[in-house]
Amino acid sequence: MNISCSAKKNMGLNNSSCEELCRRCGKCCLADFIAYVRDEDILRWEREGRIDIKSVIKNEHAFWAGDHLISADNGRYFHGCPFLMWEEDHSACSIYETRPAVCRNFAPASSEICPLWKPH
Ligand code: SF4
Ligand code: SF4
């Protein structure tokens, strides 16, 4: 995954070093980020004609069950965000150019879910 770094100033990093920090392990995409999709994301997808994205989110009916995503329809486990892909040796976002704001704003090492996180 290639994530933008809104917290780079706090971390004393420039854009390129912040991007380099990310190991593209995809662990942050196992959280329930889709649950935090905002109206601005929905409006952008409507402007862009991305009914495919809206349809996936609507039909997945996913919710966070403490440590994993689960389908509200049939109890099926989700193994991360439906837009998470694996490319050779790293994860990638299949809707990277128009991913939700919550994903754009997530900074490596900013949360315990990231292997780069260190307790202060
Ligand atoms: S939309 Fe993309 S960046 Fe956001 S959680 Fe899903 S795969 Fe990760
Ligand atoms: S969990 Fe951290 S290292 Fe892994 S993809 Fe996300 S930001 Fe990058």
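Just so it is clear, the model here is predicted, and its values are computed rather than measured.

What counts, and where the lines are drawn
Positions within a chain are numbered from 1, following the residues in the order the chain's sequence is written. Whichever chain is written first becomes A and whichever ligand is written first becomes 1, with later ones labelled in order. Under the rules for a predicted model, residues below a pLDDT of 70 receive no local features and side-chain atom pairs below 80 are neither given nor counted, while totals for whole chains, interfaces and linings still include all residues. Segments assigned H or I by DSSP are reported as helices when at least four residues long, segments assigned E as strands when at least two residues long, and all are numbered from the N terminus. Whether a residue is buried, exposed or partly exposed is read from the other C-beta atoms within 10 Å of its own C-beta, which are placed from the backbone; 20 or more gives buried, 12 or fewer gives exposed, and intermediate counts give partly exposed. A pair of residues counts as a contact when their C-beta atoms, built from backbone coordinates, are separated by no more than 7 Å. Note: two strands are recorded as paired if DSSP finds a minimum of 2 bridges between them. Known as pLDDT, the predictor's confidence for each residue is given on a scale from 0 to 100.

A word on the overall build of the chain. Looking only at helices and strands, one finds 5 helices and 5 strands in the chain. Listing every helix and strand of the chain by position from the N terminus yields α-α-α-α-β-β-β-β-β-α. Per-residue burial over the chain gives 21% buried out of 120 residues. Sequence separation of at least 24 residues holds for 57% of the intrachain contacts in the chain that already meet a minimum separation of 6.

The phi angle at R24 is positive, at roughly 55 degrees, despite the residue not being glycine. Mapping R24 onto the fold places it in the loop between α2 (15-21) and α3 (39-47). Since 16 C-beta atoms lie within 10 Å of it, R24 is described here as partly exposed. One non-glycine residue, A109, lies in the positive phi region at around 75 degrees. Note that A109 resides in the segment after α5 (101-104). The class for A109 is partly exposed, based on 16 C-beta atoms found within 10 Å.

So, on to the pairing of strand β4 (residues 84-87). As paired elements, β4 and strand β5 (residues 90-93) share 4 bridges and run antiparallel to each other. By the bridge assignment for β5, L84 is matched with C93. Two successive antiparallel strands, β4 and β5, enclose a turn made up of 2 residues, where E88 displays a positive phi of approximately 55 degrees.

Right, let's get into the confidence of the model for the chain. Looking at the chain, pLDDT values average 78 and 72% of them are 70 or higher. Contacts for the low-pLDDT stretch residues 1-15, under 50 throughout, to residues beyond four places or in other chains number 35 contacts.

In this section: the environment of G26. In this structure, G26 sits in the loop between α2 and α3. Residue classification places G26 among the partly exposed residues on the basis of 17 C-beta atoms within 10 Å. Linking G26 and H90, residues 64 residues apart in sequence, is a C-alpha distance of 7.7 Å.

The next point concerns the environment of Y96. Counting through the fold element by element, Y96 comes out in the loop between β5 and α5. Accessibility expressed as a C-beta count within 10 Å gives 14 for Y96, which makes it partly exposed. Residues Y96 and L84, 12 residues apart in the sequence, show an inter-C-alpha distance of 9.6 Å.

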